[in-house]
Amino acid sequence: RKDYYLKRNFKGEYSSWGCIYAREECNLNTPSDNVTLYGHNMKDGSMFAGLHAYMKREFWENHRYIRFDTLTEHHTYEIFAVFTTTASIGEGFEYHEFIDADDEQEFDMFISKCLSMSLYGTSLVPEYGDKIICLSTCEYTQRNGRFVVVAVRRN
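Here is a short report on the structure shown in this document. The model shown is predicted, which means the values in this text are computed figures rather than measured ones.

### Focus: the environment of Gly145
If you trace the backbone, Gly145 turns up in strand β6 (residues 145–153). Of the residues examined, Gly145 reaches a relative accessible area of 3% and is grouped as buried. Separated by 104 residues in the primary sequence, Gly145 and Asn41 place their C-alpha atoms 11 Å from one another. Filtering out sequence-adjacent residues up to four positions away, Gly145 remains in contact with Thr85, Thr86, Thr137, Cys138 and Glu139.

The structure is reproduced here in structure tokens:
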């Protein structure tokens, strides 16, 4: 169910913190070409609030790898783009709508858009067939803003 964990914890009980969760159309087992993970930007620094440190390239230089584990797999991802956008309908980059590429051109267009919007260059360019994750949280410099960290699977 759409956004089920937005205001529920892992047990399904109400929680204003919610839970970090994957977009409902994404498949974690196959996995999808892009898995978008959502988490609140909590004032107490919990959930995905720490992602905002990636606004500075210097932080990325020392923290470019992240782990994403499922119940059955453990993978390392390397961050290649960091950007802000709006989630307002009809505005901004709809990164979360990209789940599985129909072909190499569609994949390349998604990667190109991520790179062109990135706050800084990383010189990393994922290739067709790579698996991507987008970590998404709220961002408050624009209406309905989102802060997104995009990474490519390395192992």
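### A word on unusual backbone geometry
Here the bond from Thr30 into Pro31 is cis, since omega is -20 degrees, no more than 30 degrees from zero. The topology assignment puts Pro31 in the loop between β1 (21–22) and β2 (34–38). Positive phi outside glycine occurs at Ser123, with the angle close to 65 degrees. Following the sequence through the fold, Ser123 ends up in the loop between α2 (104–117) and β5 (132–139). Under the relative-accessibility criterion, Ser123 is labelled exposed at 74%.

### Observations regarding the environment of Lys2
Position of Lys2 relative to the elements: it lies in the segment before β1. In sequence terms Lys2 and Arg23 are 21 residues apart; their C-alpha atoms lie 7.7 Å from each other. Once you skip the residues sitting within four places of it in the chain, Lys2 turns out to touch Arg23 and Glu24.

### Quick word on α2
For α2, with 14 residues, the first-to-last C-alpha span of 20 Å sits near the 20 Å given by 1.5 Å per residue. Regarding α2, the residues found buried are Phe107, Phe110, Ile111 and Cys114. Down the axis, α2 shows its buried residues gathered within 95 degrees of arc, on one side only. Relative to its buried face, α2 has exposed residues pointing more than 90 degrees away, namely Gln105, Met109 and Ser116. Elements in contact with the buried residues of α2: β2, β4 (74–86), β5 and β6. Where α2 begins, the capping side chain belongs to Asp103, and its oxygen is found 3.2 Å from the backbone nitrogen of Gln105.

### Some details on the nonpolar core
By size, the foremost hydrophobic cluster in this structure holds 36 residues, and its most contacted members are Tyr54, Phe80, Phe110 and Val150. When contributions to this core are tallied by element, the ones reaching two or more residues are β2, β3 (65–69), β4, α2, β5 and β6. Those residues within four positions of Val150 in sequence are excluded, and the remaining contacts are Glu78, Ile79, Phe80, Ala81, Phe83, Cys114, Ile132, Ile133 and Cys134.

Parameters at a glance
- Residues numbered from 1 in each chain as written.
- Predicted model: local features only at pLDDT ≥ 70, side-chain atom pairs only at ≥ 80, totals over all residues.
- Heavy atoms only, no water.
- Helix = DSSP H or I, 4+ residues; strand = E, 2+ residues; numbered from the N terminus.
- Buried < 20%, exposed > 50% of the residue type's maximum accessible area, 1.4 Å probe, protein only.
- Contact = heavy atoms within 4.5 Å.
- Expected span 1.5 Å × (residues − 1).
- Arc of directions from axis to C-beta.
- Polar contact = N/O pair within 3.5 Å; in protein donor to acceptor, adjacent residues only side chain to side chain.
- Core = buried A, V, L, I, M, F, W, Y, C linked by side-chain atoms within 4.5 Å.

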